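The primary structure of each chain is shown beneath.
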Amino acid sequence: MLPISLIVSTASIGIVYAVLALAVVFIYRTSRVLLFCVGEIGMLSAYVLRDVWVWVGPGLGGFAAGAAAAIAAAAVVGLILYTVIERFGGHHNHFVGTIVTVAFSIFLLGVLSAGWGGEISRLPIRLGFTTVLGQRVPLLGPAVIAVGVVVLATVGLALSWSDFGIDSQALADNRRLAQLRGIPVERRLQAIWISAAVMSGIGGCLSAAVSSVSIEGAVVGLSGIVAAIIGGLTSPLGAIIGAILLALGENVTTSLFDARYSHVVPVLFLVALLIVRPSGLSGRAESIARV
Amino acid sequence: MLRKLGLSLLFGGAIAANAVAAEPYKFGYLVDASGPMQGTFKATLDGFQLYIDQINKKGGVNGRPIDVQVRDIQSDTQRSVNAVQELATTDALAILGLAVSNTHAAVYSAAEKLGLPVVAGYPANIPLALPPATPNAFATGLIFSVTGEVAGKLAHTIVPSGKTLVCLGFESPGSLLACEAATKSAQANGFTKTESIIVPLTQRDFRSVVDKVLALKPDVVTDCFGRGHVVSLLPALGAAGYDGVYLNMESGIGIDALREAVKDSPDLKLYTYSRYIVNGEGEGEQAKALRDAAKQAGTKELLTYHAAGWALGQVVVDAVKRCGPTCNKQSYTAALEKVDVDPSGLSGAPIKFSPTDHYGASAYRLYKFDHATKAFSAVGDWVQATSTPVVAKK
Amino acid sequence: MSHSIPLAAAAPLPDLARPAALAVAVAAVIAIPAIVGGFPLQLAVTGGLMAAAAMTLTVLTGTAGLLSLAQGAFLSVGAFTAGVLATSFGLGILPALLIAAFFGLILGGGVALLTLRVSGIYLAVGTFAFHHVVEILTGDIEVKLTQATGFILTHPVLFGLTVDTPLKWWGLTVGVIALVFVALNFLRRSHIGREWTFLREDPSAAAALGISLLRSRATVFMLTSSITAAVGVLSAYQLGNVQAGNYSIHIAIAYLTIVALGRAGSLIGAIIASYVILLLPIPIEATLGLFGVDATSHIAGIENVLLGSILVFSLLNGPDRVLALIKGRLRHGRG
């Protein structure tokens with residue numbers, strides 16, 4: 001076993017799940033809709049990142065241009081989602097809202113297929129490796145961790161210090177009350193959906209960095225959803241912890257037991273956890289919508 | 001001589017004209033054009049279409065053109081079955097294609113009820129076509145119990161003194177079967193320690209799997225993976241410093257993907273083995289015809305799919321010729337059981353079916369990747385395999 | 001001379017007219033596929049079996065408020081029961097139906113017990129875990145018993161009658177839909193069904209009134225899972241084969257989409273939505289074909305773009321809203 005590379009790969013995939021889980025939590029806490037299309041938004045951004053990066057050229061300039069385009073693409077999707085689900089959808093029930101995101105994932109899969117024909121490729125990242133305590137550690141992992149930490153820290157600071165962040169917490173607690181207090185609900189909701197989509201996009205790009213850019217890669221979204229649920233679905237910190245635990249569960253199962261069960265064992269642990277703590281790690285005795 | 005040429009041109013033209021007017025031989029082709037496997041398997045249809053187009057240009061068969069009706073099944077079982085039922089109403093003689101094995105059995109069942117034979121193409125086929133063959137099931141691609149067995153032999157060829165072999169597969173019955181066959185075969189060929197590492201179907205981050213592989217210190221790592229898995233796995237393997245042998249099963253991966261995946265791993269000794277030629281090289285009439293047709297069609301790079309699709313075309317047309325002018329589903333099925341084509345240059349064995357064996361013997365070529373020239377070159381001769389692997393059909 | 005008849009004095013429609021009209025409509029719906037035959041008849045059978053499974057999920061999710069991702073798993077349990085019994089024990093459809101229903105009952109009860117303390121999204125994850133476990137087990141069974149070929153099932157024989165033509169399958173399917181509809185409708189309207197609804201609406205009040213959460217949940221899970229597993233047997237025989245890959249998580253998501261489209265809790269809605277989901281790709285493909293887009297096109301994915309858009313539009317009551325908008329504009333125009 002090579003513990004350092006295992007620690008790095010666990011931390012990096014945990015960060016990927018955390019970013020995706022945050023997107024899920026952002027939407028769930030304000031709209032009680034489960035963002036099923038988080039993975040598809042992620043892969044759309046990854047395809048855009050790759051294309052623009054390759055077109056502009058290797059190196060930081062290409063990466064910056066690609067990243068900007070990827071974020072823009074995700075933001076557009078977020079805006080569409082907000083318009084359809086919140087504005088057009090109105091006071092839909094949460095189950096229908098969730099299934100609408102399922103329909104959106106079908107829509108986005110169609111866009112990916114028509115636009116990129118199911119092409120499978122890699123991001124043009126060349127980072128090499130370093131040696132730590134005599135062990136070879138590819139630099140990709142630490143790079144993903146660094147980007148992920150910056151994103152999570154930015155989100156954390158925004159939630160705690162910015163008007164948007166504080167207003168969104170108020171919206172999550174009680175939308176009507178927030179409205180009565182003069183919070184610009186529609187503007188904030190729009191920003192929340194766009195932010196969630198952008199986080200999905202970033203998560204998808206980070207996932208593509210450690211695997212590949214492909215339509216099938218959208219399944220990483222399911223891991224983000226499970227991580228969010230472990231964390232309690234309404235707590236950003238819970239989502240991050242849930243993500244790390246999920247990544248740990250998967251990699252430990254692979255390393256010590258059988259890789260075949262790496263996706264089912266953590267979910268089984270989740271079920272066991274939910275028997276003990278029915279509202280997830282966050283422990284907040286919230287009234288959770290049944291359907 | 002000129003008169004003969006003139007006459008044949010005249011008659012060829014007349015035949016072509018008649019072919020346009022004559023009732024075509026109809027076939028249904030199932031492909032994943034917009035589903036999860038589209039990037040990998042649509043190219044086989046391209047290769048098949050190249051062959052059919054050149055047959056039609058020459059006037060078709062018995063003066064009748066071949067008409068291929070393509071249906072997008074998105075690797076979905078219900079869509080596949082619906083497509084079979086719908087194609088049966090169009091007087092199709094057979095159902096062709098079927099790149100992904102998870103829809104095969106349902107398609108065979110549906111087709112069998114309608115009396116339609118099914119000829120599965122490249123890459124993945126289920127063992128229904130192996131002896132004793134299921135009545136309407138024919139296959140020209142890879143049946144993993146056969147292909148996996150070849151992996152064990154080739155691993156020994158590459159590393160004669162090798163003792164440890166690891167087979168990487170994913171959570172699907174076909175892949176599980178391939179690794180079972182590969183490890184059994186490796187043990188029979190001198191490997192004392194063999195292990196299969198099976199990952200979930202949706203696995204994309206392979207870094208922890210790579211750590212597990214390296215801990216086993218294998219002499220050879222072989223696989224039965226999809227394109228998405230390989231594109232994610234190989235860079236991780238290279239980045240972790242693996243400098244041993246990686247023997248890839250060419251099962252819809254494509255050497256273009258392989259080349260890209262090991263771009264930054266100069267120490268990784270990459271091999272691939274394939275039932276059909278991997279890059280359009282090869283002597284032989286059919287290989288040359290494929291190159292010519294691809295050039296005319298503007299195909300960027302010839303890959304295994306094109307050769308495999310072309311071979312499928314040969315099989316389909318050979319059966320049409322044997323079937324004769326008044327061909328229906330039943331007589332076409334009977335004709336398929338007599339198919340005997342020489343892929344000359346595309347593969348190392350003829351494709352020959354019989355009433356009890358709808359797969360026949362097959363041959364596989366080993367290729368080695370040269371990081372300097374970024375090219376694959378053949379190693380040794382074609383390795384023959386029978387249709388009765390050790391991991392036998394139940 | 002104009003007499004306006006007071007509304008109260010106007011004779012109301014006879015009470016028998018509505019049920020008679022309904023009976024005629026239902027008879028027509030049943031007869032049309034039988035008359036048309038061929039591919040449409042095959043589709044009618046497939047849609048009918050989907051509807052039977054969708055009805056159970058709409059009761060579980062809509063009436064009882066229990067979000068489940070295990071639909072594919074229970075269908076798989078039924079299908080594999082049929083496959084193993086046919087291949088290893090030479091037993092036909094009838095024993096398979098009974099044994100699969102029993103397995104569904106037990107497993108449904110197990111899932112209910114394990115997820116007793118949770119609800120909503122959390123329950124969905126518990127059922128998601130169950131799905132994964134079933135997927136791995138059935139994959140193993142498929143490799144070990146069939147060498148990845150899957151189980152092949154021949155025409156079923158029910159009470160001496162071989163169901164070997166699409167017309168016979170249609171007769172069987174209509175019977176199954178009617179049976180499942182009547183059974184679930186009866187349950188919904190009974191005190192058991194009222195308990196389910198109460199538990200969905202206000203679990204605390206239900207508990208205060210002495211309604212046992214365990215019994216209620218277990219009942220609905222066991223009954224719906226049992227029926228779903230039995231439908232899995234029928235679907236497997238209709239398809240003619242059983243493969244683990246046929247029951248991915250996408251099946252569960254597709255059924256939830258059907259339930260949402262047909263309005264959760266509505267049995268008729270579940271039947272209609274099943275056919276909509278099954279048939280929708282056909283007109284989409286035909287329309288795209290007019291523009292030269294088919295399976296060989298680079299942009300074949302446009303089909304999913306259209307499918308997703310139509311689903312979103314339907315789920316959010318698009319047709320009603322558009323109609324209301326048009327009416328509103330017309331009213332404005334008049335005024």
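Parameters and conventions
Residues numbered from 1 in each chain as written. Chains lettered and ligands numbered in written order. Predicted model: local features only at pLDDT ≥ 70, side-chain atom pairs only at ≥ 80, totals over all residues. Helix = DSSP H or I, 4+ residues; strand = E, 2+ residues; numbered from the N terminus. Buried ≥ 20, exposed ≤ 12 C-beta atoms within 10 Å, placed from the backbone. Contact = placed C-beta atoms within 7 Å. Nonpolar A, V, L, I, M, F, W, Y, C, P; charged D, E, K, R; others polar. Pairing = 2+ DSSP bridges. Axes fitted to C-alpha atoms, helices over the stretch in contact; angles between N-to-C directions. Domains from an automatic or database assignment. Right-handed = clockwise from strand over helix to strand, strands pointing away. pLDDT = per-residue confidence, 0-100. Core = buried A, V, L, I, M, F, W, Y, C linked by C-beta atoms within 7 Å. Parallel < 35°, antiparallel > 145°, perpendicular 65-115°, else oblique. Left-handed = near helix turned anticlockwise from the far one by under 90°.

### Quick word on the overall build of chain C
And step 1. Within chain C, the secondary structure is distributed over 14 helices and 4 strands.
And step 2. Overall size of chain C, expressed as C-alpha extent along the three principal axes, is 85 × 65 × 45 Å.
And step 3. Residue burial in chain C is summarised as follows: out of 335 residues, 49% are buried.
And step 4. Within chain C, residue pairs in contact and separated by at least 24 positions form 77% of the contacts whose partners lie at least 6 positions apart.

### Looking at the interface of chain A and chain C
And step 1. If you look at the interface, chain A gives 36 residues, while chain C gives 38 residues.
And step 2. Residues belonging to the side of chain A that touches chain C are distributed by class as follows: 29 nonpolar, 6 polar and 1 charged.

### What to know about the sheet that holds strand 6 (residues 137-139) of chain B
All names here are of chain B.
And step 1. With parallel pairing, the 5 strands of this open sheet are ordered in space as 2-1-3-4-6. The outermost strands of the open sheet, each flanked by one partner alone, are strand 2 (66-72) and strand 6. The average undirected angle you get between the axes of adjacent strands in this sheet is 25°.
And step 2. For strand 1 (residues 25-31) and strand 3 (residues 95-97), the ladder comprises 3 bridges, and the chain directions are parallel. Note on strand 3: the bridge partner recorded for Tyr-29 is Leu-96.
And step 3. Of the strands in this sheet, strand 1, strand 2 and strand 3 touch helix 3 (residues 77-88), which is tilted by about 170° from strand 1.

### Comments concerning the domain arrangement of chain C
Frequently, the measure chosen for interface size is the accessible area removed from exposure when the parts meet.
And step 1. When its domains are assigned, chain C resolves into domain 1 (21-266) and domain 2 (280-335).
And step 2. Distance from the C-alpha centre of domain 1 of chain C to the C-alpha centre of domain 2 of chain C: 30 Å.

### With respect to the pairing of strand 9 (residues 193-199) of chain B
Residue and element names in this part refer to chain B.
And step 1. Counting buried residues in strand 9 gives 5 out of 7 residues, a clear majority hidden from the surface.
And step 2. When strand 8 (residues 164-170) meets strand 9, the two strands line up parallel, connected through 7 bridges. The residue of strand 9 that forms the bridge with Gly-169 is Ile-198.
And step 3. Each parallel crossover has a hand, and for strand 8 linked through helix 6 (residues 173-188) to strand 9 it is right-handed.

### Some remarks on the environment of Val180(C)
All names here are of chain C.
And step 1. Looking at the element boundaries, Val-180 is found in helix 6 (residues 166-189).
And step 2. In this structure Val-180 comes out as buried when scored by C-beta crowding, with 24 C-beta atoms within 10 Å.
And step 3. Considered as a pair, Val-180 and Met-55 are 125 residues apart in the sequence and their alpha carbons are 7.7 Å apart.
And step 4. Leaving out residues up to four positions away in the same chain, Val-180 has contacts with Ala-52, Met-55 and Ile-227.

### Topic: the interface of chain A and chain B
And step 1. Of the residues lining the interface, 35 residues belong to chain A; the matching set on chain B comes to 30 residues.
And step 2. Breaking the side of chain A that touches chain B down by element, the ones donating at least two residues are helix 1 (3-31), helix 4 (94-116), strand 2 (135-138), helix 8 (185-210) and helix 10 (236-256) of chain A.
And step 3. Top element by residues in the side of chain A that touches chain B is helix 1 of chain A. It accounts for 4 residues.
And step 4. Of the residues contributing to the side of chain A that touches chain B, the split by class is 13 nonpolar, 16 polar and 6 charged.

### Structural notes on the confidence of the model for chain C
All names here are of chain C.
And step 1. Put simply, chain C has an average pLDDT of 86, and 94% of its residues get 70 or more.
And step 2. Least confident of the elements in chain C is helix 8 (residues 203-208), whose mean pLDDT is 78; most confident is helix 3 (residues 71-88), at 96.
And step 3. Considering only residues more than four positions removed or in separate chains, one finds that residues 1-9, a stretch of pLDDT under 50, has 1 contact.
And step 4. Both scores are available for the predicted complex, with the pTM at 0.87 and the ipTM at 0.87.

### A short note on the domain arrangement of chain B
Residue and element names in this part refer to chain B.
And step 1. Taken domain by domain, chain B comprises domain 1 (2-141 + 280-360) and domain 2 (145-274 + 364-385).
And step 2. Each of domain 1 and domain 2 was reduced to a C-alpha centroid, and the two centroids are 30 Å apart.
And step 3. Every contact between the two is made by 15 residues of domain 1 and, on the other side, 15 residues of domain 2.
And step 4. The element that contributes the greatest number of residues to the side of domain 1 that touches domain 2 is helix 2 (residues 38-57), accounting for 3 residues.

### Considerations on the environment of Val61(B)
And step 1. Of note, Val61(B) is situated in the loop between helix 2 and strand 2.
And step 2. Between the C-alpha atoms of Val61(B) and Ala293(B), which are 232 residues apart in sequence, the distance is 18 Å.

### Remarks on the nonpolar core
And step 1. In terms of nonpolar packing, the biggest core is built from 344 residues, with Ala18(A), Val24(A) and Val118(B) touching the most fellow members.
And step 2. No other element matches helix 1 of chain A, which puts 17 residues into this core.
And step 3. In this view, Ala18(A) contacts Gly148(A), Leu152(A), Ala227(A), Ala239(A), Ile240(A), Ala243(A) and Ile244(A); residues no more than four positions away in its chain are not counted.

### Observations concerning the packing of helix 1 of chain A against helix 9 (residues 220-231) of chain A
All names here are of chain A.
And step 1. Relative orientation of the contacting elements helix 1 and helix 9 amounts to 70°, with a least axis distance of 7 Å. Taken together, the axes of helix 1 and helix 9 are roughly perpendicular relative to one another. In terms of crossing hand, the pair formed by helix 1 and helix 9 is right-handed. Counting all contacts with helix 1, which are made through Val-16, Tyr-17, Ala-18, Leu-20, Ala-21, Ala-23, Val-24 and Val-25, the residues of helix 9 involved are Val-220, Gly-221, Ser-223, Gly-224, Ile-225, Ala-227, Ala-228 and Gly-231.

### Focus on the confidence of the model for chain B
And step 1. Looking at chain B, the pLDDT average stands at 89 and 93% of residues meet or exceed 70.
And step 2. Contacts from residues 1-20 of chain B, a stretch scored under 50 in pLDDT, to residues over four places away or in other chains number 10 contacts.

### A closer look at the sheet that holds strand 10 (residues 220-224) of chain B
Residues and elements named next belong to chain B.
And step 1. Judged by pairing direction, the sheet is mixed, and its 7 strands sit side by side in the order 9-8-10-11-12-15-16 without closing on themselves. The open sheet is flanked by strand 9 and strand 16 (375-385), the only strands paired with a single partner. Geometrically, the sheet is characterised by an average inter-axis angle of 20° between neighbouring strands, direction not taken into account.
And step 2. Of the pairings in the sheet, the one linking strand 10 to strand 11 (residues 245-249) comprises 3 bridges and is parallel in character. Of the residues in strand 11, the one forming a bridge with Val-220 is Val-245.

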